[in-house]
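Chain by chain, the residues run as shown.
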Amino acid sequence: METVLKNHKIHNLTEDLVLKEVDAICDEIETSGQKPELCTCGQCRLDAACYVLNRTQPSYVVSNRGVARLERETLERRQKGIDLTVLIYKALEDVAHNRRPNFDHQSHSSKEAEYVARDRTVFNIPVIIGRVFNGVNFEPLSGIDVELVQGGELVAMRDANWQNPYRFVKDTEGTFTFWPRPAEAKTAGEQSVFEFAVRIKTEGFETLNHFFEVLVVSEGVADVPFSMSRTFKLQDLYLFPEGAEEDAD
Ligand SMILES: [Zn+2]
């Protein structure tokens, strides 16, 4: 995940490493059949990655291919010292204990819903990740719902493991995630801009509507496996209590 600042790409290497390791460990759990008590569905992988990222130091670099690669190798060696694997297992255990009750938690490698046929050409919309904080005290929000909308309507999710509206759960520090259903395309390699909005309407707060666009190139495969490297990260969002602005005058 990258942020563009005056033509330089700022990159958090820890994020890359954590996302890669969570995927690797979950894939290993799925193939070995060990640790059946842990859930490795896409949603739990993301919850676990957020848990780990909230407990590790970010490591920022301005990426420029050669340098980034060298730095990445150094970081990987250094992080091997701290036990990322242990932390990831701890995260998966905690996530499993707080399991979201309304979902199937199917393994991501099990077959997706029937509309995701292999031979269709589609726009695979990436997993959308963001965070919401209370704009007054900067605390992460919990116990509220966030919606992903397109043209005023709730966006359909890829399968039953993804919720819309999304209910914030403990331990993910105000992080929300959505994985929209793929959209039909005529040919592969077509570009399209998808306009979405994140909407939060909750008692006691001003309604939040954050509009954004995602550029997607169509592909001849709809049945893409869940991968945390295919994500679209939003800027941090802030929710303000009703009347907060008036009080400031
Ligand atoms: Zn799960």
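Model, not experiment: these values are computed from the prediction.

(A) Broad picture of the pairing of strand β9 (residues 175–178). The side-chain alternation of β9 yields two buried faces, one formed by Thr175 and Thr177 and the other by Phe176 and Phe178. With four bridges connecting them, strand β5 (residues 127–134) and β9 associate as antiparallel partners. For arginine 131, the partnering residue across the bridge sits in β9 and is threonine 175.

(B) Expanded view of the nonpolar core. In this structure, Leu148, Phe176 and Phe196 are the most contacted members of the largest nonpolar core, which totals 33 residues. Taken together, the elements giving at least two residues each to this core come down to β5, β6 (145–150), β9, β11 (191–200), β12 (208–217) and β14 (237–239). Within the second largest apolar cluster, 20 residues are counted, among which are Leu17, Val22, Cys41 and Leu84.

(C) Structural detail: the pattern of salt bridges. By the definition in use, this model includes eight salt bridges. For lysine 233, the salt bridge identified is with glutamate 15, shortest N-O distance 3.0 Å. Pair noted here: lysine 233 is in strand β13 (residues 231–233) and glutamate 15 is in helix α1 (residues 13–32), with a separation of 218 residues, a long-range link. The class for glutamate 15 is buried, based on a relative accessible area of 8%. Note that lysine 90 and aspartate 94 form a salt bridge whose closest N and O atoms lie 3.0 Å from each other. Residue lysine 90 and its partner aspartate 94 are located together in helix α4 (residues 84–97), separated by four residues, close to a single helical turn. The partly exposed category is assigned to lysine 90, whose relative accessible area is 39%. For aspartate 94, a relative accessible area of 19% gives the class buried. Salt bridges here are not isolated pairs; linked through shared partners, they connect Asp23, Asp27, Glu30 and Arg45.

(D) View of the packing of aromatic side chains. Summed over the entire model, instances satisfying the criterion amount to nine aromatic pairs. Arranged with centres 5.9 Å apart and planes meeting at 40°, the rings of phenylalanine 196 and phenylalanine 212 form a pair that is tilted. On the criterion of sequence distance, the pair formed by phenylalanine 196 in strand β11 and phenylalanine 212 in strand β12 is long-range, its members being 16 residues apart. Residues phenylalanine 196 and phenylalanine 212 agree in their burial class; the two are buried. A ring pair is formed by phenylalanine 212 and phenylalanine 232, whose centres lie 5.8 Å apart and whose planes are at 20°; its orientation type is stacked.

(E) Molecular detail of α4. Over its 14 residues, α4 extends 20 Å from the first C-alpha to the last, a length consistent with the 20 Å expected when each residue adds 1.5 Å. Of the positions making up α4, those classed as buried are Leu84, Ile88, Ala91, Leu92, Asp94, Val95 and Ala96.

About the thresholds
Throughout, residues of each chain are indexed from 1 in the direction in which the sequence is written. Local features are withheld for residues below a pLDDT of 70 in this predicted model, meaning they are given only at 70 or higher, and side-chain atom pairs are given and counted only at 80 or more; totals for whole chains, interfaces and linings count all residues. Only hydrogens and water are removed before side-chain values are computed, so all heavy atoms of the structure are retained for them. For the exposure calls, accessible area comes from a 1.4 Å probe over protein chains only, and a residue counts as buried if that area is under 20% of its type's maximum, exposed if over 50%, partly exposed in between. Helix and strand assignments follow DSSP, with helices taken as H or I runs no shorter than four residues and strands as E runs no shorter than two, numbered in order from the N terminus. Two strands qualify as a pair provided DSSP detects at least 2 bridges between them. Here, nonpolar core means buried Ala, Val, Leu, Ile, Met, Phe, Trp, Tyr and Cys residues that are tied together by side-chain atoms lying within 4.5 Å of each other. Each salt bridge in this description consists of a side-chain nitrogen of Lys or Arg and a carboxyl oxygen of Asp or Glu lying within 4 Å of one another. Here a pair means two rings of Phe, Tyr or Trp (six-membered ring of Trp) with centres within 6.5 Å. Their orientation is stacked below 30 degrees between planes, edge-to-face above 60, and tilted elsewhere. Here the expected span of a helix is defined as 1.5 Å times the quantity of residues minus one.

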